[in-house]
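Listed below, chain by chain, are the residues.
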Amino acid sequence: MRPLTRRVGVMLILFGLLTAACGEEAVTTTSPAGAGTSTTEEMMDETSTTEEMMDETSTTEEMMGDDVLATAEAEGDLGTFLAALDSAGIMEDFHGDGPFTLFIPTDEAFAVYLEEAGMSQEEAFASAEMLQSILGYHVVTMMEDSEMVMGMDGQTFTTLSGAPLQVTVDGDTVMVGDATILRYDIEASNGVIHVIDGVLSPPAGG
C-alpha cells in the first residue's frame with residue numbers, strides 16, 4: 001500500500017504546481033502583439049496625461065469667457081438694451097465671432113430716454129426697423145478698448161448703422177455722441193463693452 005500512497009502524493013504535488021502556473025498566466029496582462037506588457041505605472045501615466053489634457057481644455061474655455069450678450073447680462077443694469085436687441089430680431093448676430101464694441105446705455109438711461117420721448121417700452125420696441133437703426137448706432141464692428149477710444153478726440157467711429165459717432169475727450173471724461181462713458185473695458189470673448197449714460201440717437205438719415 002505504501003507505493004500507491006507515494007504515487008498519489010506525487011500526483012497531488014504536480015497538480016498543485018500546474019494550478020499555480022496557470023494562475024500566474026491568468027494574472028499577466030499583455031498589450032496587442034508586438035506592443036509589450038503594460039505595467040501599472042504606464043497605465044497610471046496615461047490616465048494622468050488624459051486628465052492634464054482635460055484640464056487644459058477647461059482652462060482654455062474659461063479664458064475664452066462669455067460673449068458680449070452674456071457679459072452684458074451679467075452686469076445687471078443693461079437688460080433694456082438686451083431686450084431691445086431681442087425685439088429688433090438681431091440678438092443672435094452678437095453671438096458671432098465679432099469683434100464688437102458695444103456702447104450700452106444703462107436701464108436708467110433707457111428709462112429717461114423713453115420718458116422724454118413720451119413712449120412706453122412696448123411702444124418704442126414695436127418697430128423692429130427703427131430699433132435696428134438706433135441699436136446699430138451703439139455698435140462698432142472693431143475691438144475699441146478705452147485706450148483707443150481716449151486717443152480719438154475729435155474723430156469718429158463708423159457704426160454698424162453706417163452713421164458716424166463722434167468721440168470727445170476732456171480730461172478723464174470721454175463722450176460718444178451726447179453720452180458719457182461710465183464704465184470701460186468690460187471684456188467678452190468676442191468684443192468689449194463700454195457702459196454709457198444715455199441712449200444715442202443716430203443723425204437724420206443715419
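So, how was this worked out
Residues numbered from 1 in each chain as written. Predicted model: local features only at pLDDT ≥ 70, side-chain atom pairs only at ≥ 80, totals over all residues. Heavy atoms only, no water. Pairing = 2+ DSSP bridges. Helix = DSSP H or I, 4+ residues; strand = E, 2+ residues; numbered from the N terminus. Buried < 20%, exposed > 50% of the residue type's maximum accessible area, 1.4 Å probe, protein only. pLDDT = per-residue confidence, 0-100. Contact = heavy atoms within 4.5 Å. Core = buried A, V, L, I, M, F, W, Y, C linked by side-chain atoms within 4.5 Å. Salt bridge = Lys/Arg side-chain N within 4 Å of Asp/Glu carboxyl O.

Colleague: Looking at this model, I keep getting lost on the sheet that holds strand β1 (residues 100-105). Mind explaining?
Modeller: Paired through backbone hydrogen bonds, the strands of a sheet run either parallel or antiparallel to each other. As summarised here, the arrangement of the seven strands in space is β2-β1-β7-β6-β5-β4-β3, forming an open sheet in which the pairing is mixed. Only two strands of the sheet have a single partner each, and these edge strands are β2 (139-140) and β3 (156-158).

Colleague: Is there a simple way to think about the environment of Asp-93 in this case?
Modeller: As for its placement among the helices and strands, Asp-93 is situated in the loop between α4 (79-88) and β1. Exposure remark for Asp-93: the relative accessible area of 49% places this residue in the partly exposed category. Distance from Asp-93 to Leu-69, taken between C-alpha atoms, is 10.0 Å for residues 24 residues apart in sequence.

Colleague: I'm lost on the pairing of strand β7 (residues 191-196) in this one. Help?
Modeller: Side-chain direction in a regular strand flips from residue to residue, so the side chains alternate between the two faces of the sheet. Counting buried positions along β7 yields six of six residues, so the element is predominantly enclosed. Side-chain alternation along β7 places Gly-191, Ile-193 and Val-195 on one buried face and Val-192, His-194 and Ile-196 on a second face that is also buried. With six bridges connecting them, β1 and β7 associate as parallel partners. Bridge pairing in β7 places Thr-101 opposite Val-192. Bridge count for strand β6 (residues 179-188) against β7 is five bridges, and the pairing is antiparallel. In the sheet register, Ile-181 faces β7, and the bridge partner there is Ile-196. Linkage of β6 to β7, two consecutive antiparallel strands, is achieved through a turn of two residues.

Colleague: I'm lost on the confidence of the model for the protein chain in this one. Help?
Modeller: Close inspection of predicted coordinates is inappropriate for parts of the model with low pLDDT. In the predicted model, the protein chain carries a mean pLDDT of 81, and 68% of its residues have values of at least 70. In this model, residues 1-15 is a region of pLDDT below 50 whose contacts with residues beyond four sequence positions or in other chains number zero contacts. Throughout residues 17-37 the model reports pLDDT below 50, and contacts reaching past four residues in sequence, or to other chains, amount to eight contacts.

Colleague: What's the story with the nonpolar core in this structure? I'm lost.
Modeller: Nonpolar side chains in soluble globular proteins tend to be buried together. Formed by 27 residues in total, the largest nonpolar core has its most connected members in Leu-85, Phe-94, Leu-102, Leu-135 and Ile-193. Those elements that place two or more of their residues in this core are α3 (68-75), α4, β1, α5 (107-117), α7 (128-136), β6 and β7. The greatest single-element share of this core, amounting to five residues, is contributed by α4. The contacts of Ile-193, once residues within four sequence positions are left out, are Val-68, Thr-71, Ala-72, Leu-102, Ile-104, Arg-183, Tyr-184, Asp-185 and Ile-186. With 16 residues, the next largest nonpolar core counts Phe-103, Leu-165, Val-174 and Ile-181 among its residues.

Colleague: Can you walk me through the pattern of salt bridges in this structure?
Modeller: Here the idea is simple: oppositely charged side chains can pair when their charged atoms come close. A full pass over the atoms with the stated rule returns two salt bridges. As a salt-bridge pair, Arg-183 and Glu-75 come within 3.1 Å of each other at their nearest N and O atoms. Placement of Arg-183 in strand β6 and of Glu-75 in helix α3 is noted, with a sequence separation of 108 residues between them. Judged by relative accessible area, which is 29%, Arg-183 ranks as partly exposed. Under the relative-accessibility criterion, Glu-75 is labelled partly exposed at 33%. Arg-183 is paired through a salt bridge with Asp-77; the nearest N and O atoms lie 3.0 Å apart. One end of the pair, Arg-183, is in strand β6; the other, Asp-77, is in the loop between α3 and α4, with 106 residues separating them in the sequence. Salt bridges sharing partners connect three or more residues here, namely Glu-75, Asp-77 and Arg-183.

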